[in-house]
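# Chain and residue survey
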Amino acid sequence: MSNKKPIEIIKKRDNTIEVAIRKNPAKTKFGKVTGIVVIFGFVILPVVALIYALVTMMTNM
């Protein structure tokens, strides 16, 4: 197993910065948090909003 850092910042000759991810993002804390936020934002939040909208619409009838 290599001793490389999971995220490596490389500065090039023309002063641009390149970020290289060496580890599977799903195995890092940042990757797990990002995955949870994406799942919450794209799956759970819309379903809750849809249920809320349906309940509000049904009570106003």
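A quick note: this is a predicted structure, and the numbers were derived from the prediction, not measured.

## Quick word on a positive patch on the surface
A cluster of basic residues, Lys23, Lys27, Lys29 and Lys32, forms a positive patch on the protein surface. Relative to the helices and strands, Lys29 resides in helix α1 (residues 29-59).

## Remarks on the pairing of strand β2 (residues 17-21)
In this sheet, β2 lies alongside strand β1 (residues 7-11) in antiparallel orientation, the contact comprising five bridges. The residue bridging Ile7 from the neighbouring strand is Ile21, located in β2. Connecting the antiparallel pair β1 and β2 is a turn made up of five residues, with Asn15 showing a positive phi of about 65 degrees.

## Describing the pattern of salt bridges
Per the counting criterion, the structure on display carries one salt bridge. Across the salt bridge formed by Lys12 and Glu18, the nearest N and O atoms sit 3.0 Å from each other. Classification of Lys12 as partly exposed rests on a relative accessible area of 41%.

## A short note on unusual backbone geometry
Even without being glycine, Asn15 reaches a positive phi, approximately 65 degrees. Its place among the elements puts Asn15 in the loop between β1 and β2. Overall, Asn15 belongs to the exposed group, its relative accessible area being 59%.

Definitions and limits used
- Residues numbered from 1 in each chain as written.
- Predicted model: local features only at pLDDT ≥ 70, side-chain atom pairs only at ≥ 80, totals over all residues.
- Heavy atoms only, no water.
- Patch = residues over 30% accessible without salt bridge, like charges linked within 9 Å, V, L, I, M, F, W, Y side chains within 5 Å.
- Areas by Shrake-Rupley, 256 points an atom, 1.4 Å probe, with all protein chains shown as cover.
- Salt bridge = Lys/Arg side-chain N within 4 Å of Asp/Glu carboxyl O.
- Lys, Arg positive; Asp, Glu negative; His and termini not counted.
- Charge placed at Lys NZ, Arg CZ, Asp CG, Glu CD.
- Helix = DSSP H or I, 4+ residues; strand = E, 2+ residues; numbered from the N terminus.
- Pairing = 2+ DSSP bridges.
- Buried < 20%, exposed > 50% of the residue type's maximum accessible area, 1.4 Å probe, protein only.

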